[in-house]
Amino acid sequence: MTRREAREALFTLIYEAPFYKETEISEIFEKEAEERDLGDPYISEGFSGTFEHIEEIDELIAQNLVGWKLERISKVSHAILRLGCYEMIYTDIPVKIAINEALELAKKYDHDQAPSFINGILNAIADKNDLKNKPENN
């Protein structure tokens with residue numbers, strides 16, 4: 001599985017998780033990973049990491065929504081933003097790559113205006129938190 005395929009699988013898990021109201025996050029991942037053969041560590045670490053920091057991630061997103069409320073953005077955009085924030089803040093993935101990959105997901109899964117919307121929010125988060133200057137692992 002390529003990193004892009006793994007990222008796409010992780011995005012779908014992040015998107016689906018809120019629909020499981022009564023289920024623990026770890027149970028969701030275990031069930032989906034087994035059914036879909038998602039053994040890549042990037043996926044398991046990304047899923048658990050995203051939901052470990054979900055309050056902070058959603059707060060950052062909400063703070064950077066100009067003229068919008070978090071509840072009003074599409075569920076697909078919300079999942080893409082959650083994944084993009086997680087990658088920018090909590091991984092060694094370069095910010096430019098995290099944003100670019102989020103835009104690719106938006107182009108594939110969201111409405112036509114979503115890429116520019118997501119780009120604006122992720123860039124604002126990166127700028128306000130000085131993430132563009134974080135050291136990159138090469």
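How each quantity is defined
Residues numbered from 1 in each chain as written. Predicted model: local features only at pLDDT ≥ 70, side-chain atom pairs only at ≥ 80, totals over all residues. Heavy atoms only, no water. Helix = DSSP H or I, 4+ residues; strand = E, 2+ residues; numbered from the N terminus. Expected span 1.5 Å × (residues − 1). Buried < 20%, exposed > 50% of the residue type's maximum accessible area, 1.4 Å probe, protein only. Arc of directions from axis to C-beta. Contact = heavy atoms within 4.5 Å. Core = buried A, V, L, I, M, F, W, Y, C linked by side-chain atoms within 4.5 Å.

**Side note on helix α2 (residues 25–36)**
Right, on to step 1. Between its first and last C-alpha, α2 extends 16 Å over 12 residues, near the 16 Å set by a 1.5 Å rise per residue.
Right, on to step 2. Listing the buried residues of α2 in full gives Ile 28, Phe 29, Glu 32 and Ala 33. One face of α2 carries all of its buried residues, which in axial projection span an arc of 115°. Facing away from the buried side of α2 by more than 90 degrees, the exposed set consists of Glu 30, Glu 34 and Glu 35.
Right, on to step 3. Buried residues belonging to α2 abut α1 (3–16) and α3 (41–52).

**Considerations on the nonpolar core**
Right, on to step 1. In terms of nonpolar packing, the biggest core is built from 45 residues, with Phe 47, Met 88 and Ile 118 touching the most fellow members.
Right, on to step 2. Those elements giving two or more residues to this core turn out to be α1, α2, α3, α4 (54–63), α5 (75–90), α6 (95–109) and α7 (114–128).
Right, on to step 3. Broken down by element, the residue count for this core peaks at 8 residues, all from α5.
Right, on to step 4. Excluding anything up to four places from it in sequence, Met 88 contacts Val 95, Ala 98, Ile 99, Leu 122, Ile 125, Ala 126, Leu 131 and Lys 134.

**Some words on the environment of Ser 48**
Right, on to step 1. Mapped onto the elements, Ser 48 comes out in helix α3.
Right, on to step 2. A relative accessible area of 41% means that Ser 48 is categorised as partly exposed.
Right, on to step 3. Note: C-alpha distance between Ser 48 and Ser 26 (22 residues apart in sequence) is 7.4 Å.

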